[in-house]
Amino acid sequence: MFRNSNLYRLLLLVFSFVGLALAQFGTGEISGLVTDPSGAAISQAEVKVLNTANGQTKIIATDREGRYSCLDLLVGTYTVEVNATGFKSHLSTGVELVSGSHIAVNVVLQLGPVTESVEVSGSGARVETLSAQVSRVVEGRLLEDIPLNGRNVTSIMAIKPGISSTQAANNFRPTSDARNYYINGSRAENTNLSLDGVSMLSGRNNLKGVSIVSVDAVAEANIVTSTYPAEFPRAGGGQVQFVTKSGTKQFHGLLYDYLRNDAFDARSFQTAAKQKLRYNQYGFSLGGPVVIPKVFNRDREKLFFFANTEFIARHGESVDLSVVPTALERSGNFNGSKLFHCPKDAQDGAPLPGCTLPMNRLSPNGLGLLNLYPLPNVVGQPAFNFRQVSPSLEDVRSSSFRVDYLWANTRIFWRGLDTVDHTYGNRSTNFPSAPINTQTIGRSTAFTVTSTLSSNKLNSFRLGAAARTDLMQVKPYSGNFEDYSRTKLGINFPYLFGNDKELVDKIPTVIVSGLSTVDGSPYPSRAGMPSWQFQDDFSWIYGAHTFKFGAYFEYVGQNNLDQINVSTAPGSGNNQNGTFRFAASPGNPFSTG
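Residues numbered from 1 in each chain as written. Predicted model: local features only at pLDDT ≥ 70, side-chain atom pairs only at ≥ 80, totals over all residues. Heavy atoms only, no water.

Considering the packing of aromatic side chains
The geometry of an aromatic ring pair comes down to the distance between the two centres and the angle between the two planes. Put simply, the rule is: Pairing of aromatic rings covers Phe, Tyr and Trp, the last through its six-membered ring, and needs centres within 6.5 Å; plane angles under 30 degrees mean stacked, over 60 mean edge-to-face, and all others mean tilted. Throughout, exposure labels follow a simple rule: accessible area from a 1.4 Å probe, protein chains only, divided by the maximum for the residue type, with under 20% read as buried, over 50% as exposed, and the rest as partly exposed. Secondary structure counts use DSSP, requiring at least four H or I residues in a row for a helix and at least two E residues in a row for a strand, with both numbered from the N terminus.
Throughout the structure, instances matching the rule amount to 11 aromatic pairs. Seen in terms of ring centroids, Phe334 and Phe340 are 5.7 Å apart; in terms of plane orientation they differ by 80°. Their pairing is edge-to-face. We classify Phe334 as buried; its relative accessible area is 15%. Ring centres of Phe401 and Trp414 lie 6.4 Å apart, and the angle between their planes is 50°; this geometry places the pair in the tilted category. Here Phe401, found in strand β21 (residues 386-407), pairs with Trp414, found in strand β22 (residues 410-424); they are 13 residues apart in sequence, far enough to count as distant. Since its relative accessible area comes to 34%, Phe401 is described here as partly exposed. Through successive ring pairs, a cluster of aromatic residues spans Phe493, Tyr495, Phe580 and Phe582.

Considerations on the state of the cysteines
Formally: When the sulfur atoms of two cysteines come within 2.5 Å, that pair is taken as a disulfide.
In the structure shown here, the tally under the stated rule is 1 disulfide. One disulfide bridge connects Cys342 with Cys355, the sulfur atoms lying 2.2 Å from each other. In this structure, the disulfide formed by Cys342 and Cys355 twists by about -110° around the S-S bond and is classed as left-handed. You can see Cys342 sitting in the loop between α2 (327-330) and α3 (364-370) and its partner Cys355 sitting in the loop between α2 and α3, a full 13 residues away along the chain. Residue Cys355 is classed as buried on the basis of its relative accessible area, which comes to 16%.

Details of the pairing of strand β27 (residues 545-561)
Filter applied, for reference: Two strands are counted as paired when DSSP detects at least two bridges linking them.
Here strand β26 (residues 525-542) runs beside β27; their pairing, made up of 15 bridges, is antiparallel. Bridging from a neighbouring strand, Trp540 pairs with Phe547 of β27.

Some thoughts on the side chain of Ser400
Along the chain, Ser400 falls in strand β21. Judged by relative accessible area, Ser400 falls into the buried class, the value being 12%.

Describing unusual backbone geometry
Excluding glycine, residues mostly have negative phi values, and the peptide bonds linking residues are mostly trans. Here the bond from Tyr523 into Pro524 is cis, since omega is 15°, no more than 30 degrees from zero. Residue position: Pro524 is located in the loop between β25 (509-512) and β26. Positive phi values are uncommon outside glycine, yet Lys294 reaches one of about 65°. Mapped onto the fold, Lys294 is located in the loop between β19 (277-289) and β20 (303-322). For Lys294, a relative accessible area of 76% puts it in the exposed group. In this model, Cys355 sits at a positive phi of 50°, which is unusual for a non-glycine residue.

Examining the side chain of Ser460
Here is the rule: The term polar contact refers here to a pair of N or O atoms within 3.5 Å; inside protein, the definition further demands a hydrogen-donor-capable atom paired with an acceptor-capable atom, and it admits residues adjacent in sequence only when both atoms are side-chain atoms.
Among the secondary structure elements, Ser460 is positioned in strand β24 (residues 457-474). There is a polar contact of 3.4 Å between the side chain of Ser460 and the side chain of Thr450.

Written out as structure tokens, the structure reads:
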């Protein structure tokens, strides 16, 4: 089926509240009140806010009521210095700012010469008092220290109260997405995952992830479960906002390799031998300033970069335990069969002599369908008589690159992400399903320009784009497609609706009551899911009030060529090359068994 649907979403957000929290992606706010020892407000005090990692400095003055507010601060550690004539200098160090936070640093200046200073350090955790949203921020260090199974950043959602998952905690899922998480009882589709303010989810069902991002590329994860601002788009159930790392004044690099191997595993008591497993998750990160010696960025406080590339190589095994027809049953002899009754003559309803089908009554296409099943290779097991071990292979690459440019009162940021996830299907036979070779390509980019127009006015413009492409082919990792060719197997029945198939010679699906199903699959198929996102927010602080105006626009495209199986429809199937169902029909006088 080909479907091309365009969904336009336009949300105009206009609201004003007393003390409204400014919910920027990947940034926060430091504000406060400056007073003298008697509690009187000090106006026109100079407040200097310094990011200790990249040297970003903002200098503002308190208003007539002693208030100050410093907006659009990147996550990190800050020092706040306050100076006023006739008072000692005040320095607050170690102020930790996380994504979406609004930290209050109130200062009481002591009388004395400005050459003397009062330093307050190690302030510890600060209580969020300027926002009503319920959230949990997981910082990058905690992301790296928590033993996430498969090192999948979406797994961090489970540490927030109110979030449940349908998957067990020990389920190994290095590349899964948000479809298994539920926030406060809402459906998984009602949760939005974003990376630097750009949605990570596709438009098809708001579940599949557009791209895979490495844990080592993420600075913070902000898990917001309720009462968040209207400017957080797309979903009402919850928001999970990931923020990528940015470069600092110093160069920092990392090389890593996480591995799993069956050599470290114990044999399960349910199996006679350990299954093969070779898993490596390795990569590198590098970040720092962009410097041209003696020419550009000599103070290392203007332009920064951060790059990360990660690979996943997984070579494992899967075991198929199936029920297949015996050699006698394949020849038409059902005498003593444990699965099938003695066949009857369709002409008079009498049991066939010796419970054996005459050779001249065997259909050539029926024999061709029978050739889809291998011969049994297991004896003495009541539940199955065929066992095969097949390779399970996956290769993943995820690359991200970020640039931050700080220029006067403007901050420009760009981030790109490119991922390729390749899963190979391979079986020693064409049973019980055709091998599927899947390639998922995900790309995402974000561009943000934030301008401080004055001490109380801020504008933030964001443009984002994302795309996911799924390509699924019937193709073995090794071997020949002829192993999955209906012509080679002797199947030549004509199609009811002509030969307009994606893969004309692919095997059909065969369902026989009592036997394992041979699944010809709904593939090949492909799906393309592009999206464009635009958002602009304008903030204006007026005394004790904050006004915010904004607009959000999103375009989502859907271009699919796939097969939809409506399981409740009579005669439904997942394979456009045909589905054969064989089952007993006791009430049918023409039934053979």
